[in-house]
Amino acid sequence: MARITLDHLAHAYKADPRTAEDYALKEINHVWSQGGAYALLGPSGCGKTTLLNIISGLVRPTRGRVLFDDLDVTDLATEARNIAQVFQFPVVYDTMTVRENLAFPLKNRNVPRDRTARRVEEIAGLLDLTRVLDRKASNLTADMKQKISLGRGLVRPDVAAILFDEPLTVIDPHLKWQLRSTLKEIHRALDITMIYVTHDQTEALTFADKVVVMHDGAVVQTGTPDELFERPAHTFVGHFIGSPGMNILPCRVEGATAIIGSTMIPLRRAYRTLSGGEHIELGIRPEFVQLQPKGAGLPVQVRRIDDIGRARIARVELGGRPLAASVPDGVSIEGSEASLVLHPNHVHIYANGHLVAGETSGGRAA
Amino acid sequence: MTKTVNNKAWFFVLPVFAIVAFSAVLPLMTVVNYSVQDTFGNNQFFWNGIGWFQELLDPSSQLGEQFLSSLMRTLLFSFIILLIEVPLGIAVALSMPREGWTVALCLVLMALPLLIPWNVVGTIWQVFARGDIGLLGWVVNRLGIDYNYTGDPLDAWVTIIVMDVWHWTSLVALLCYAGLKSIPDAYYQAARIDGASRWAVFRTIQLPKMRRVLLIAVLLRFMDSFMIYTEPFVLTGGGPGNATTFLSIDLVKLALGQFDLGKAAAMSLVYNLIILAICWVFYTVMTNVDAGRERVEA
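Residues numbered from 1 in each chain as written. Chains lettered and ligands numbered in written order. Predicted model: local features only at pLDDT ≥ 70, side-chain atom pairs only at ≥ 80, totals over all residues.

(A) Broad picture of the overall build of chain A. On a plain count of helices and strands, chain A comes out with eight helices and 24 strands. A fraction of 67% describes how many contacts in chain A between residues 6 or more apart in sequence connect residues 24 or more apart. (Helix = DSSP H or I, 4+ residues; strand = E, 2+ residues; numbered from the N terminus. Contact = placed C-beta atoms within 7 Å.)

The following block contains the structure:
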C-alpha cells in the first residue's frame, strides 16, 4: 500500500535531450494518493504510456524520481516493485491453465503452495473466473483473458497499485461496460490505487475519481470529471473532453467585455491583467450556448442541426467562425437566421491556451 | 451453413491436374514400371513382379542388407542433425539482436550459407578440411588430433555433420527469429511484472509462440537431411568404405553406377514412401498436440 509520488519527472527517448521537444514526457510533479481511482487521459502519443511504464519500472526516467511512500524506487527493477500492469492486448501464458496463469506471479516469488492455491481461488471468485479455472487460457475470449491479466496483478497480496494501459481496446463494446464495472467493484473491495490510461473520455470519466489530462507530453489539468467539464484549465481540455468539445473563439477582452469581430459579449469577470501580447480566446461549451429563434442575443447563421440522440446540436457561424450550440427542446428554427444566448457563468477566457482567473466584477460571485 | 455445389469448378482445376500428371505422375509411373521389370540390355524388359521389392526388404539378401544399412545411416544422420540444429537454431535466434542496425547485419550473415550452391558447399569443406592444405584440417592436425576425413569413418561423419550444421542451422535460426519477432513486447513486460525468470520466459512465452515455426523447421530439416546427396557426395563420395553412403548416394550408385534400373526403381519408391510416412507422422503428432490443447479448452 503506497502513495506514489512523481518528483520532477521527465523522460526523453533520445540519448541527449536538449530542447523541450526532445522530451516525450515533460517535467511532471504529481502525487497519486493511496487507494485512488485515477484516469490518465490524452490523445495517442501524448506520453501516457511512457508515464505508466516509468511508474511500473519498465522505463527508467531521464530525470527525476519516483517514490512509493517515502522510498525512492527510481532505480528499482519492475519485478522488485509492488506494482501490477494490465496491457492493451491481453497477455496470457498460452500453455497454462487459468489457475496456473493466476498462480504464476506467486510461483515466481516462491510463495508456499497452499497459500498460492487459496489466494488464486479468492481472486478467481472476485473476477468470476472460478468456473474456467481449469481450462487452458489460450482459447478464452478477449475479456476473459483481460480478466486473467488483471487477476495476475491482484493475486499478489503486496500490490500497491495496478496500472491499466488502455485495457478495453480489444474488448467487445457490450462487454466494455461490464468489465469496467468489475474494475470499479474491485477498486471498492480492495484498497488499491488504480491508474487507468485511456484516450476515451467516456472511459476516463466513468472510471475515475480524478482525471489527469495529458497533452503533448505534459499534464494540462488534474481534476474531478466535473471540474474538467465546468472549468477546463486549458483549451485542449475543453476541446478534448465533451462531445462536441468546447467552442474556442479568438477574441479581444476589454475589462468585462469580450469582443469577437464586431460582437460584444458581456462577461461575469473582469480581466484587467491581460497584456496585449497574449493570444486570447473565449471558451464556452455547446451545452451552455442555446440557439433561439431570431431575436434577442447574438445573431448567427445556422448551417445545420444534428440530432445526436439525447440532444440536438446546431452548427452555426458567428462572425464567420464555426460554433456548436445546443437547441433546447421545443425550439424550432426557421431559415438560417437565429440568435445565440450564452450562459455567462460558463464563459471562460484563455490566454495562450491557459485559463485566466479574472476578477469578480461588481461584487457578484461568479 | 449451406455449401454451394457447382460442378463447373472441376473445370478450373483441370489444368492443374494436367500439369501434375505430366510433371509428377507420368515420371513416377515410369519408375513404377521399371520397378516390376528386369532387363539385360537391348531395351528388352521382362516381367519381375514384386521380386525387386522382396529382395530389397529382405535383410538377408545382399541388396536388402545394403539398403538397410544405408537407411540406418540416413536415419542416424537426420536424427543427429535435428538434435544439433534445432536447439542450436533456437539458441542463435534468442541471442540475435532485436533492433538496431545489427539486425540487418546478422540477417545477411545468417542467410549467406543458405545462398551457396550445394556442390560448392561440398567443395568448400572438402578443401577446408583437408589435412595438408585445408585450414581446418591442418590446424586440427597441428593441435595433435589425428584427423583425416578420407580415411577415418568417424572423422568423415563429424565433417559432414559440421558441414551440414554450418550450412543449415541458419534456416532454423531465421525461422525461429521470425517467430520470436512476432511476440508483442507486452508479453515480456508482463513477464517482468510477474517476476518471471529468464528460463520461465523461455518456457512460458517464447517456446509456445515458436511452436508453429518449429514444426516447419523440423519438417524441412528432416526432409532435407534425409534426402541429402550433393554435399557428402562431393566431400566423401560415400566413403571411406560405405561409412557415409546415405540412401540417396546408394540409390545413385545403383541406378547410374551399376545401371540396375529395376532395383533402383524399387528402392526409389520405398525411399519415397519412407519420407512421406515419417513426415506424416511428424505432422500429425505436432498438429495433434495443438488440437489436443484446443480440445481441452473447448
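Following the structure, the description resumes.
(B) Local environment of the overall build of chain B. Looking only at helices and strands, one finds 12 helices and two strands in chain B. What you see for chain B is a C-alpha radius of gyration of 24 Å, clearly larger than the 19 Å of a compact globule of 298 residues, by over 25%. Taken along the three principal axes of its C-alpha coordinates, chain B extends 75 × 75 × 35 Å. Burial analysis of chain B (298 residues in total) assigns 27% to the buried set. For chain B, contacts bridging at least 24 residues in sequence account for 67% of all contacts bridging at least 6. (Rg over C-alpha atoms; globule rule 2.2 N^0.38 Å. Buried ≥ 20, exposed ≤ 12 C-beta atoms within 10 Å, placed from the backbone.)

(C) Broad picture of the environment of Val347(A). All names here are of chain A. Along the chain, Val 347 falls in the loop between β21 (337–342) and β22 (348–351). Separated by 82 residues in sequence, Val 347 and Ile 265 place their C-alpha atoms 9.6 Å apart. For Val 347, the contacting residues outside a window of four places in its chain are Ile 265, Leu 267, Leu 282, Ile 284 and Leu 342.

(D) The interface of chain B and chain A, seen in detail. With 19 residues of chain B in contact, the opposing surface of chain A contributes 25 residues. Those elements that provide at least two residues to the side of chain B that touches chain A are α8 (185–193), α9 (198–226) and α12 (261–297) of chain B. By residue number, the principal contributor to the side of chain B that touches chain A is α8(B), which donates six residues. Considered class by class, the residues forming the side of chain B that touches chain A number 10 nonpolar, four polar and five charged. (Nonpolar A, V, L, I, M, F, W, Y, C, P; charged D, E, K, R; others polar.)

(E) Representation of the sheet that holds strand β3 (residues 37–41) of chain A. Residues and elements named next belong to chain A. Pairing in this open sheet of six strands is mixed, and the strands run β6-β7-β8-β3-β9-β10 from one edge to the other. Only two strands of the sheet have a single partner each, and these edge strands are β6 (83–86) and β10 (218–223). Between one strand and the next, the sheet's axes are offset by a mean angle of 20°, whatever the strand orientation. Inspection of the sheet shows β3 paired to strand β8 (residues 193–198) by five bridges, in the parallel sense. For Tyr 38, the partnering residue across the bridge sits in β8 and is Ile 195. In this fold helix α1 (residues 48–56) packs onto β3, β6, β7 (161–165), β8 and β9 (210–215), with an angle of close to 150° to the strand it touches most, β7. (Pairing = 2+ DSSP bridges. Axes fitted to C-alpha atoms, helices over the stretch in contact; angles between N-to-C directions.)

(F) Representation of the sheet that holds strand β12 (residues 252–254) of chain A. Residues and elements named next belong to chain A. One open sheet holds the three strands; their spatial order is β12-β13-β14, and the pairing between them is antiparallel. Each end of this open sheet is capped by a strand with a single partner; those strands are β12 and β14 (263–266). Averaged over neighbouring strand pairs, the angle between their axes works out to 30° when direction is ignored. One ladder, built from three bridges, connects β12 with strand β13 (residues 257–260); its direction is antiparallel. By the bridge assignment, Arg 252 is partnered in β13 with Ile 259.

(G) Expanded view of the domain arrangement of chain A. Residues and elements named next belong to chain A. Partitioning chain A into domains gives domain 1 (4–238) and domain 2 (243–363). Between the C-alpha centres of domain 1 and domain 2 the distance comes to 38 Å. Taken together, the residues of the side of domain 1 that touches domain 2 sort by class into three nonpolar, three polar and one charged. (Domains from an automatic or database assignment.)

(H) Just the confidence of the model for chain A, in detail. Mean pLDDT over chain A stands at 84; residues scoring 70 or higher make up 97%. For residues 362–366 of chain A, every residue scores under 50 in pLDDT, and the model assigns this stretch five contacts once sequence neighbours within four places are set aside. (pLDDT = per-residue confidence, 0-100.)

(I) Highlighting the UniProt feature "transmembrane region" (unreviewed entry) in chain B. Residues and elements named next belong to chain B. Following the UniProt record, one finds the feature "transmembrane region" (unreviewed entry) at residues 12–36, 75–94, 101–128, 156–180, 213–230 and 264–285. For residues 156–180, helix accounts for 100% and strand for 0%, while the C-alpha atoms at its two ends are 35 Å apart. Overall, residues 213–230 shows 83% helix and 0% strand. The separation of its end C-alpha atoms is 26 Å. (UniProt positions renumbered as here; feature names shortened; annotations may be inferred.)

(J) Spotlight on the environment of Glu203(A). Here Glu203(A) is to be found in helix α6 (residues 201–207). Setting aside its immediate chain neighbours within four residues, Glu203(A) contacts Leu168(A), Arg180(A) and Thr198(A).

(K) Up close: helix α2 (residues 98–108) of chain A. All names here are of chain A. Burial analysis of α2 places eight of its 11 residues in the buried class, the great majority of the element. By the burial criterion, the buried members of α2 are Val 98, Arg 99, Asn 101, Leu 102, Ala 103, Phe 104, Pro 105 and Leu 106. Residues of α2 that are buried make contact with α3 (113–127) and α4 (142–154). Asn 110 sits one or two residues past α2 and shows a positive phi near 55°.

(L) Local environment of the packing of α3(A) against α4(A). Residue and element names in this part refer to chain A. The N-to-C vectors of α3 and α4 enclose an angle of 135°; their axes lie 10 Å apart at closest approach. In terms of axis orientation, α3 runs oblique to α4. You can see that α3 and α4 cross each other, and the crossing is right-handed. On the side of α3, the interface is formed by Ile 123, Ala 124 and Leu 127, while α4 contributes Lys 147, Leu 150, Gly 151 and Leu 154. (Parallel < 35°, antiparallel > 145°, perpendicular 65-115°, else oblique. Left-handed = near helix turned anticlockwise from the far one by under 90°.)

(M) Inspection of the nonpolar core at higher detail. Residue and element names in this part refer to chain A. Membership of the largest hydrophobic core comes to 78 residues, with the highest contact counts inside it found for Tyr 38, Ala 39, Leu 40, Ile 195, Tyr 196, Val 212 and Val 213. In this view, Val 212 contacts Tyr 38, Ala 39, Leu 40, Leu 41, Val 219 and Thr 222; residues no more than four positions away in its chain are not counted. Of all hydrophobic cores here, the second largest spans 28 residues; its members include Val 253, Leu 298, Ile 313 and Ala 314. (Core = buried A, V, L, I, M, F, W, Y, C linked by C-beta atoms within 7 Å.)

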